[in-house]
Amino acid sequence: MLVLLSGVSGSGKDTIKKELMKRMECLATMPSYTDRAPRAGEVEANVYNFVTTEEFEQKIKEEEFYEYSVHHEHFYGTSRKVLNERVNSGKIIVKDIDVNGTENLLKVLDDDLKIVTIFLRVPREELRERLENREGKEKIKEIELRLNRFDYEESKIGLYDYVLKNDDLEKTVQIIMTIIESEYKCSERLEA
């Protein structure tokens, strides 16, 4: 089973994913590929595999991605090889991904794999505050770029199985854990 966490930049996807990983042994995470530079504290192959733009473009030519897109002026993509390895491990995969990536993965994989989609909502002003207070302080241009995408991301909510307001970390994590447990049991019954 693949669980896709989406929401605007700063909605808490990575924080929630880290909490889920600590609490649920049945989960595995999956890094995306990107050509953006690592932020302070980011570790290679944890959330992202960092490559040059040229390396990313070569991977596109070699059809190494299930999906890829340009998001905030950088490439992001889901590796076929890494996703297949993680799925074959028998664990539930949790991936944070933008709305375009979710839409593309649903088109490509929906018939082959149980996919659960969750969108995290945050009010625009709270989002601005989160982005301004991020470690490493985002540049004004970066904050505006992310805020300008807010309406577009929100317009894609119809793609998602679940839409949650992320205003309380513990409550949001508990709800998502319940969703994963429920969907996984449902998936097991369907396969039997």
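Above this note sits the structure.
Residues numbered from 1 in each chain as written. Predicted model: local features only at pLDDT ≥ 70, side-chain atom pairs only at ≥ 80, totals over all residues. Heavy atoms only, no water.

**What about unusual backbone geometry?**
And then number 1: Its identity as a non-glycine residue notwithstanding, Glu-63 has a phi of 55 degrees, on the positive side.
And then number 2: Turning to its location among the elements, Glu-63 is positioned in the loop between α2 (53-61) and β5 (65-71). (Helix = DSSP H or I, 4+ residues; strand = E, 2+ residues; numbered from the N terminus.)

**Examining the packing of aromatic side chains**
For any two aromatic rings, the description comes down to two numbers: the centre-to-centre distance and the angle of the planes.
And then number 1: Taken as a whole and assessed by the stated rule, the structure comprises 9 aromatic pairs.
And then number 2: Seen in terms of ring centroids, Phe-56 and Phe-65 are 4.6 Å apart; in terms of plane orientation they differ by 20 degrees. Their pairing is stacked.
And then number 3: For Phe-56, a relative accessible area of 0% corresponds to the buried category.
And then number 4: With relative accessibility at 6%, the residue Phe-65 sits in the buried group.
And then number 5: Each member of the aromatic cluster is reached from another via a ring pair, and the members are Tyr-33, Phe-56, Phe-65, Tyr-68 and Phe-75. (Phe/Tyr/Trp six-rings, centres within 6.5 Å; stacked < 30°, edge-to-face > 60°. Buried < 20%, exposed > 50% of the residue type's maximum accessible area, 1.4 Å probe, protein only.)

**What to know about the side chain of Asp-35**
And then number 1: Here Asp-35 shows up in the loop between β3 (32-34) and β4 (48-50).
And then number 2: One buried charge, Asp-35, has no salt-bridge partner; the nearest side chain with opposite charge is Arg-36, at 7.9 Å.
And then number 3: Polar contacts involving the side chain of Asp-35 include one to the side chain of Thr-53, which spans 2.7 Å.
And then number 4: Not counting chain neighbours up to four residues away, the residues in contact with Asp-35 comprise Val-51, Thr-52, Thr-53, Phe-56, His-74 and Phe-75. (Lys, Arg positive; Asp, Glu negative; His and termini not counted. Salt bridge = Lys/Arg side-chain N within 4 Å of Asp/Glu carboxyl O. Polar contact = N/O pair within 3.5 Å; in protein donor to acceptor, adjacent residues only side chain to side chain. Contact = heavy atoms within 4.5 Å.)

**A short note on helix α1 (residues 13-23)**
And then number 1: Within α1 the residues assigned to the buried category are Lys-13, Ile-16, Lys-17, Glu-19 and Leu-20. When α1 is viewed along its axis, its buried side chains cluster within an angular range of 160 degrees and face the same direction. (Arc of directions from axis to C-beta.)

**As for the pairing of strand β6 (residues 74-79)**
And then number 1: Burial runs high along β6: 5 of the 6 residues are buried.
And then number 2: As paired strands, β3 and β6 are joined by 2 bridges and run antiparallel to one another. Opposite Tyr-33, over in β6, you have Gly-77 as the bridge partner.
And then number 3: Of the strand pairs in this sheet, β5 and β6 are connected by 6 bridges, and their pairing is antiparallel. Across the sheet, Glu-67 pairs through a bridge with Thr-78, a residue of β6. (Pairing = 2+ DSSP bridges.)

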